[in-house]
Amino acid sequence: MNFGILYSRIRKDEKLLLSELRDRGHEVTKIDVRKQQFGLSEPPADFEDVDLVVDRCLATSRSVYATQFVDAYDVPVVNHPDTAGVCADKAKNSLALVEGAVPTPETTVAFTKDAAMDAIEEFGYPCVLKPVVGSWGRLMAKIDSRTAAEAILEHKETLGHYEHKVFYVQEYVDKGGEDIRVLATDGEPVAAMVRSSDHWITNAAKGAETDAFGLDDEALDLVERASEAVGGGLLGVDLMGTADGYTVHEVNHNVEFKALNEATDVDVPARVVDWLETRAEQEQEVSA
Ligand SMILES: Nc1ncnc2c1ncn2[C@@H]1O[C@H](COP(=O)(O)OP(=O)(O)OP(=O)(O)O)[C@@H](O)[C@H]1O
């Protein structure tokens, strides 16, 4: 089979994926998204003989738009652009989780700093302010006081680009210094790790410690439902443990798996490629 890897930078994650695909004898077409031009009807030449495109674009904007074009050319692509669109935006992500009856932190969106201030006061302190688009915990704020809130909101309103004028305010979840990342393929967990840190942001990218995590039935059920809520695919489901059970704060569509591969004894790239092969076979059956 021929797998198209749509990328802008080959990270460790992509290297793992490429070598697993090649070890299994697959053809791999590396497609650098920065060099492509996407017309309205004809796919660029690089996509012509590809059985399945795997979106590994680093930048969310490229991922969201490029997958729409690839899908419009009727070239199978994972993840589906609809899933990318939901996961790329924290407001859409939260709405989808609620729609899927998946527990998720209380969240309010407001469009002016005054309305956001009212929302913050209603949540009380601390609460959390996040950009609707972004990852690796960047530009997130834990707000401890009204004066801090006023300063951050003013900065965002004055200096932020347009996405920062959507104020996404969230309850602060007392998560015991850790959260859980689950890599799942169509709701089926591949591997899970707990990320712990003294910092309130416990992303691996921010230096959190990682350890393998065994999922209980509640978590398994939530991962399945969270995946379904955003349209399925190869996803990173993020959960926090609370006194009342788990809450899912986000589902990521363009997921890194290097840290999971190191933290667990699962051969993550092998399991991902198993799933990619199944998806490619399904697509071939559909088009036969
Ligand atoms: N409401 C919250 N209460 C407490 N901690 C939170 C809350 N939301 C997020 N966090 C912490 O901040 C981290 C990053 O949050 P989030 O996943 O929303 O941001 P991100 O920038 O999309 O990160 P990533 O790229 O890992 O998905 C979480 O892993 C968690 O540790």
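Details of the structure are given in the entry above.
None of the values given here were measured: they were computed from a predicted structure. (Residues numbered from 1 in each chain as written. Predicted model: local features only at pLDDT ≥ 70, side-chain atom pairs only at ≥ 80, totals over all residues. Heavy atoms only, no water.)

Observations concerning the overall build of the protein
- Tallying secondary structure elements over the protein gives nine helices and 13 strands in all.
- Whereas a compact globule of 288 residues would reach a radius of gyration of roughly 19 Å, the protein reaches 20 Å, a difference of no more than 12%.
- Considering only C-alpha atoms, the protein reaches an extent of 60 × 45 × 30 Å along its principal axes.
- Within the protein, buried positions represent 50% of all 288 residues.
- The contacts in the protein between residues at least 6 apart in sequence include a share of 67% that link residues at least 24 apart.
- Approximately 13,700 Å² of the protein is accessible, and the part contributed by carbon and sulfur atoms is 46%.
- A distance of 8 Å separates the average location of the 28 positive side-chain charges in the protein from that of its 54 negative side-chain charges. (Helix = DSSP H or I, 4+ residues; strand = E, 2+ residues; numbered from the N terminus. Rg over C-alpha atoms; globule rule 2.2 N^0.38 Å. Buried < 20%, exposed > 50% of the residue type's maximum accessible area, 1.4 Å probe, protein only. Contact = heavy atoms within 4.5 Å. Areas by Shrake-Rupley, 256 points an atom, 1.4 Å probe, with all protein chains shown as cover. Lys, Arg positive; Asp, Glu negative; His and termini not counted. Charge placed at Lys NZ, Arg CZ, Asp CG, Glu CD.)

Focus: the nonpolar core
- Membership of the largest hydrophobic core comes to 26 residues, with the highest contact counts inside it found for Ile5, Leu17, Leu183, Val268 and Leu276.
- Those elements that provide at least two residues to this core are β1 (2-7), α1 (12-23), β3 (52-56), β10 (188-196), α8 (258-263) and α9 (268-287).
- The leading source of residues in this core is α9, at six residues.
- Counting 20 residues, the second-largest nonpolar core is a separate cluster that includes Leu97, Ile180, Ala226 and Val251. (Core = buried A, V, L, I, M, F, W, Y, C linked by side-chain atoms within 4.5 Å.)

Here's the deal with the site of the ligand
- Near the ligand there are 26 residues, and of these Trp136, Gly137, Asp179, Thr202 and Asn203 occur at the shortest range.
- The side chain of Lys130 places a nitrogen or oxygen atom 2.8 Å from an oxygen atom of the ligand.
- Contact distances for the ligand include 2.6 Å between an oxygen atom and a side-chain N or O atom of Asn203.
- Within the complex, the protein chains bury 98% of what would otherwise be the 610 Å² of accessible surface of the ligand.
- Among the elements that take part in the shell around the ligand, strand β13 (residues 245-252) stands out by supplying three residues, more than any other. (Near = heavy atom within 4 Å. Polar contact = N/O pair within 3.5 Å; in protein donor to acceptor, adjacent residues only side chain to side chain.)

Note that all results are geometric; they support no functional claim without further evidence.
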